[in-house]
Amino acid sequence: MRLMLLSQNALFLEVLSKTLDDCQDMEMLTPSPDKAPALIQAAAPEIIIIDETLPSPVIERLMKNACSLETCKVLLVNPNQNDLVTLSTRRSSMRNANDLLNAIIPPAMKDS
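In this report, the structure presented in the accompanying data block is examined. (Residues numbered from 1 in each chain as written. Predicted model: local features only at pLDDT ≥ 70, side-chain atom pairs only at ≥ 80, totals over all residues. Heavy atoms only, no water.)

**Brief notes about helix 1 (residues 10–20)**
Here helix 1 has its buried residues at Phe12, Leu13, Leu16, Ser17 and Leu20. Viewed end-on, helix 1 has its buried residues packed into an arc of 125 degrees, placing them on one side of the element. Exposed side chains of helix 1 directed beyond 90 degrees from the buried face belong to Ala10, Leu11, Lys18 and Thr19. Where the residues of helix 1 are buried, they touch strand 1 (2–6), strand 2 (27–29), strand 3 (47–51) and strand 4 (71–78). For helix 1, the N-terminal capping position is held by Asn9, with its side-chain oxygen 3.0 Å away from the main-chain nitrogen of Leu11. (Buried < 20%, exposed > 50% of the residue type's maximum accessible area, 1.4 Å probe, protein only. Helix = DSSP H or I, 4+ residues; strand = E, 2+ residues; numbered from the N terminus. Arc of directions from axis to C-beta. Contact = heavy atoms within 4.5 Å. Polar contact = N/O pair within 3.5 Å; in protein donor to acceptor, adjacent residues only side chain to side chain.)

Have a look at this one:
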């Protein structure tokens, strides 16, 4: 699993890196947030952790690139408030109205 960790806060990066070091089969990428938008497409990480205290324009660029991936889980982590928001993305084609409905309520959930 490839994970991209994005922050300008060295302590935050160090704490999260140490926390995630023990995870098996995890490749961790820590580019600077300014260079990350260009790397997101090439690296195609399954998980992107973004420091929510980054400037809004930087977060917007990162989110735009994350949403262009076929699948990706994005965690917006605020180190000042110790909270996080998890966003999951899945890109698919919409051929008809049923595709939109299936994105809102996946078929597996309809059967429940």
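**With respect to the pattern of salt bridges**
Summed over all chains, the structure comprises two salt bridges. Linking Glu27 and Arg2 is a salt bridge whose minimum nitrogen-to-oxygen distance equals 3.2 Å. With a gap of 25 residues between them, Glu27 in strand 2 and Arg2 in strand 1 connect regions that are remote in the sequence. Between Arg95 and Asp99 there is a salt bridge; the shortest N-O distance is 3.7 Å. Look at Asp99 and you get buried, because its relative accessible area is 18%. (Salt bridge = Lys/Arg side-chain N within 4 Å of Asp/Glu carboxyl O.)

**As for the sheet that holds strand 2**
If you trace the five strands from one edge of the open sheet to the other, you get 2-1-3-4-5, paired in mixed fashion. Taken across any chain shown, the strands that pair with only one partner, and hence form the sheet edges, are strand 2 and strand 5 (83–90). Each strand axis lies, on average, 20 degrees off the axis of its neighbour in the sheet, ignoring direction. (Pairing = 2+ DSSP bridges. Axes fitted to C-alpha atoms, helices over the stretch in contact; angles between N-to-C directions.)

**Overview of the environment of Ile40**
Here Ile40 lies in helix 2 (residues 36–43). You can call Ile40 buried: its relative accessible area is 0%. Taking C-alpha positions, Ile40 is 9.2 Å from Ser68, a pair spaced 28 residues apart along the chain. When sequence neighbours within four positions are dropped, the list of residues in contact with Ile40 reads Met4, Pro45, Ile48, Leu62, Asn65, Ala66 and Leu69.

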